[in-house]
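Here's the letter readout for the chains.
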Amino acid sequence: MLRWASHSLIFLLAAPILLGTFIASLPAFGYFPPLGSSDFSVEAWRKLFDVPGLTRSVLISLISGVLTPLISLTLVFLYLASATGSKLDLWIRRLVSPLLSFPHAAAAFGLAFLIAPSGLFSRIISSGLTGWERPPDILIVNDTWGLSLLFGLIVKEVPFLLLMSLAALPQLQPRYRIEVARTLGYRPTIAWLKVIAPSLYPLVRLPVIAVIVFASATVDVALILGPTLPPTLSVRVLSWFNDPDLNLRFLAAAGSLLQLVVSLIAVAIWLVLEKLVGLLWRFWLAAGNRNTGESLAFVIGRGAMPTVLMVIAGSLLALLTNAFAGPWRFPSAAPSSWTIQHWANSLSDLSAPLFNTVLISVSSTLLALILVAATLESERQSGKGKSTVMWLLYLPLLIPQIVFLFGIIVLTEFAGWQANLSLVIFGHLLFVLPYVFLSFSEAYRQLDPRWTQVASTLGASQLKSFWQIRIPLLLAPILTALAIGMAISISLFLPTQLLGAGRITTITTEAVALTSGASRNLISVWAIVQLSLPIVGFMMALFIPKFIWRNRSGMIDTR
Amino acid sequence: MSNSVLDLKDVRLSLTGKQLLEIDCSVGPGEILTVMGPSGSGKSSLLAYIAGFLAPVFESSGSVLVNGVDICSLAAENRRIGLLFQDPLLFPHLSVAGNLRFAMLSNAKQKSQAISEGLNDIGLAGFDDRDPGTLSGGQASRIALLRLLLSGPNAVLLDEPFSKLDTQLREETRTLVFDKLRASGLPTILVTHDQADAEQAGGEIRTLL
């Protein structure tokens, strides 16, 4: 039974993704019986390469795919090098998990409303500094080269890479290594870069590659912040896919394959960069400099994280002011009056998507938790240690969403299935599973094995000790894993949009759909609802154990 | 009274081809056999082997008999071998009574009454609803012993159960544990570093190399 669960976990993840990626390529070569085409041809590719502005779309995807991880990782490493052990560090470590739950779409909207020519930032500086009477006529958001897209992605990925690095660091015993280097005369920041960074990088490599794939293929962030003439490749593929002209399906299929190639090229460029940096590092290590460059590294490192935090705080502030703003003339830093009218107007539209969002996130996360817990329990009972196939869990993060989701849709169309709620829940499950696994597996594996041993010497069966001992002892990590899974599900745009065929709406799909045309006030209301949902989840994960174990002082230590 | 007998017949444990220990002994009702030896001599592995959760990397041969019946093929939970660890390991999410109830057979009658009597017997009357996290080290050890006895074992293993208590408490707890085990007629194997433990156990002493 348990074995079955762990096998089905792997199957559930790997099969649809690999099969989906393969199936997506069939229409790209003209084979798509549901549209009456069963002859192979390269027609779709010819059309694709004739699309105006394609080169630019591809270039922008490539640029954000390579620069996002490069800049984010540099900032994270310089930060860790310069701030480890400082007061700032303690403070930031506490903030990093909640920051991660900020949904991409809400963060992108907030950033747009902060940095746009008529945004909060320009209004605040206008009052005293610039004397602008009218918003400056420059294209900041949706700029042609995707710089604001890049900025938005960096602000979002820095907390992610920081969290991944913090999780990997303890096994390197950083304090001990730094002390050794310092006794050899190295300044702390240089010591970190020379003795910790080279060992830390391999441990965060997989998350970095996930960032490359995400940044080169994101749809929702690119829809909000990315260029429009032409948009990124992923956005164009989605628009071909959604086109009422079904013949564009072939173009969409070819485009999604091209997206896969573009993401792979971005990864390949990264691997080359990796080699070069490795080579430089070896020279630098061997050169024996003990303090050259320390002050620069220190300034960038210490400055980066507070800047990212301030941008996120500013985005949040921009959303909040817009959501409650009455009339707001340009140069004023604040609206002339406040109102809840925008909320009152949205209330009736919010309820159905809100219900769907909660239903989809709760069911996909619970399913994921059941599969993950069964897998971990089977791993524990077999006593064989970590299974090697677990890297497959990362598959949904390593292949662009649009590619395999497209394939899954083609598959359902072959099978004649209609888009429905269970298909959407299944799609969410693919993305929720890896995060629930990552979050829960550490806690599960680290639980003192003697608890189960005591239980069995007292005559309790494996089943009894699983339900009555392991699960209650792990209540807090379980709730955290659920909160993380739900936060991931809530932030998902593409799986809902594609697998629900636009008929199943969530807060996220509705909010992204508002991009074209709706007022800032209305969008802010939806973005705030979107970002509040994960916060509710994390609050519950924090307070439910405190309440349940209020008379069990020992439960504070076992967490 | 239990009147069980625990026999270890030609037990050999080895790790990656290297033999860790061999032992052959018989422990009668109410007897306490002490196994001594330096760290790494395999004392704890021996207890894990008898209790049924030796890691699969170890190879073992020989047999463990309880009243003449070989229990080696049974799962840990069906062996009815009680074990006291270095720590009391009271389940922190259950009350004292919850811990004791967890150990009792599901068809045991009048559980609450048995629990009150048991607590009374070890000098902790009225502790039923206490949070295990608020107990002192000595109290927790006594509850752990009572929990073991209420699970109705046929034999008992002690894995340095007094090593974390300070001298005064150690003396008291040791006396209580040994008295109770002898009184219930359970065959017991004690693993320890401490000569005083061995002397007070008053049974045969085996030293591993």
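Since this is a predicted model, take the numbers as computed values, not measurements.

(A) Geometry of the overall build of chain B. Regarding its fold elements, chain B presents six helices and nine strands. What you see for chain B is a C-alpha radius of gyration of 17 Å, in line with the 17 Å of a compact globule of 209 residues. The dimensions of chain B, computed from C-alpha atoms along their principal axes, are 50 × 40 × 30 Å. Out of the 209 residues in chain B, the part that is buried amounts to 39%. For chain B, restricting intrachain contacts to residue pairs at least 6 apart in sequence, the fraction spanning at least 24 positions comes to 72%.

(B) Inspection of the overall build of chain A at higher detail. A count of helical and extended segments in chain A gives 23 helices and two strands. A compact globule built from 559 residues would reach a C-alpha radius of gyration of about 24 Å, and chain A, at 25 Å, matches this within 12%. For chain A, the C-alpha atoms occupy an extent of roughly 65 × 60 × 55 Å along the three principal directions. When contacts within chain A are restricted to residue pairs at least 6 apart in sequence, those whose partners lie at least 24 apart make up 81%.

(C) A look at the domain arrangement of chain A. All names here are of chain A. Taken domain by domain, chain A consists of domain 1 (1-32 + 342-559) and domain 2 (55-339). Each of domain 1 and domain 2 has a C-alpha centre, and these two points are 24 Å apart. Across the boundary between the two partners, domain 1 contributes 38 residues, which contact 39 residues of domain 2. Looking at the side of domain 1 that touches domain 2 element by element, the count peaks at 12 residues for helix 23 (residues 520-548).

(D) Seen up close, the pairing of strand 8 (residues 188-192) of chain B. Residue and element names in this part refer to chain B. For strand 8, the buried fraction is high: five of the five residues fall into the buried class. Covered by surrounding structure in strand 8 are T188, L190 and T192 together with I189 and V191, the residues of both alternating faces. Note that strand 3 (residues 32-36) and strand 8 share five bridges and pair parallel. Pairing of L33 across the sheet is with I189, part of strand 8. When strand 7 (residues 155-159) meets strand 8, the two strands line up parallel, connected through four bridges. Each residue of the ladder has a partner; that of L157, found in strand 8, is I189. One crossover worth recording links strand 7 to the parallel strand 8 by way of helix 5 (residues 167-183), and it is right-handed.

(E) Geometry of the pairing of strand 4 (residues 58-66) of chain B. Residue and element names in this part refer to chain B. Here strand 1 (residues 6-15) runs beside strand 4; their pairing, made up of eight bridges, is antiparallel. The partner of K9 across the bridge, within strand 4, is S63. In this sheet, strand 5 (residues 69-70) lies alongside strand 4 in antiparallel orientation, the contact comprising two bridges. Across the sheet, L65 pairs through a bridge with D70, a residue of strand 5.

(F) Main features of unusual backbone geometry. Residues L229(A) and P230(A) are joined by a peptide bond in cis, for which omega reads -5 degrees. For P230(A), the position within the fold is in the loop between helix 10 (220-225) and helix 11 (233-242).

(G) Molecular detail of the sheet that holds strand 5 of chain B. Spatial ordering of the open sheet is given by 2-1-4-5 (chain B), a layout of four strands whose pairing is antiparallel. Here the strands that pair on one side only, and so sit at the sheet edges, are strand 2 (18-27) and strand 5 of chain B.

(H) Quick peek at the interface of chain A and chain B. Contact with chain A, which involves 22 residues of that partner, is made by 24 residues of chain B. Elements supplying a minimum of two residues to the side of chain A that touches chain B: helix 18 (450-457) and helix 19 (462-473) of chain A. Looking at side-chain class alone, the side of chain A that touches chain B contains nine nonpolar, 11 polar and two charged residues.

(I) Layout of helix 19 of chain A. Residues and elements named next belong to chain A. Along helix 19, the residues that are buried comprise S465, I469, R470 and L473. Along helix 19, the residues classed as buried sweep out an arc of 85 degrees about the axis, all on the same side. For helix 19, the exposed residues set more than 90 degrees away from the buried face come down to L463 and W467. Tucked into the core, helix 19 has its buried residues touching helix 18.

(J) Quick look at the packing of helix 5 (residues 104-115) of chain A against helix 13 (residues 294-324) of chain A. Residues and elements named next belong to chain A. Running from N to C, helix 5 and helix 13 point in directions that differ by 85 degrees, and their axes come no closer than 8 Å. Accordingly, the angle class assigned to the pair helix 5 and helix 13 is roughly perpendicular. Where helix 5 abuts helix 13, its residues A107, F109, G110, L111, F113 and L114 lie against V311, G314, S315, L316, A318, L319 and N322. For the contact of helix 5 with helix 13, the residue count by class is nine nonpolar, four polar and no charged.

(K) Representation of the environment of V96(B). By the element assignment, V96(B) lies in helix 2 (residues 96-103). Between the alpha carbons of V96(B) and A140(B) there is a distance of 9.1 Å; along the sequence they are 44 residues apart.

(L) Fine view of the sheet that holds strand 7 of chain B. Residue and element names in this part refer to chain B. Across the sheet, five strands lie side by side as 6-7-8-3-9; this open sheet has parallel pairing. Only two strands of the sheet have a single neighbouring strand rather than two, namely strand 6 (81-84) and strand 9 (205-207). With strand direction ignored, the average angle separating the axes of adjacent strands in the sheet is 20 degrees. Where strand 3 and strand 9 come together, three bridges link them in parallel fashion. Following the sheet pairing, M36 is matched in strand 9 by T207.

(M) Representation of the nonpolar core. Residues and elements named next belong to chain A. By size, the foremost hydrophobic cluster in this structure holds 211 residues, and its most contacted members are F109, A112, F406, L433, V436 and A527. The leading source of residues in this core is helix 9 (residues 188-217), at 16 residues. Summarising the domain contributions, this core has at least three residues from each of domain 1 (1-32 + 342-559) and domain 2 (55-339). With residues up to four places along the chain from it excluded, the contact list for V436 reads T365, A368, L369, V372, A481, I484 and G485.

What counts as what
Residues numbered from 1 in each chain as written. Chains lettered and ligands numbered in written order. Predicted model: local features only at pLDDT ≥ 70, side-chain atom pairs only at ≥ 80, totals over all residues. Helix = DSSP H or I, 4+ residues; strand = E, 2+ residues; numbered from the N terminus. Rg over C-alpha atoms; globule rule 2.2 N^0.38 Å. Buried ≥ 20, exposed ≤ 12 C-beta atoms within 10 Å, placed from the backbone. Contact = placed C-beta atoms within 7 Å. Domains from an automatic or database assignment. Pairing = 2+ DSSP bridges. Right-handed = clockwise from strand over helix to strand, strands pointing away. Nonpolar A, V, L, I, M, F, W, Y, C, P; charged D, E, K, R; others polar. Arc of directions from axis to C-beta. Axes fitted to C-alpha atoms, helices over the stretch in contact; angles between N-to-C directions. Parallel < 35°, antiparallel > 145°, perpendicular 65-115°, else oblique. Core = buried A, V, L, I, M, F, W, Y, C linked by C-beta atoms within 7 Å.

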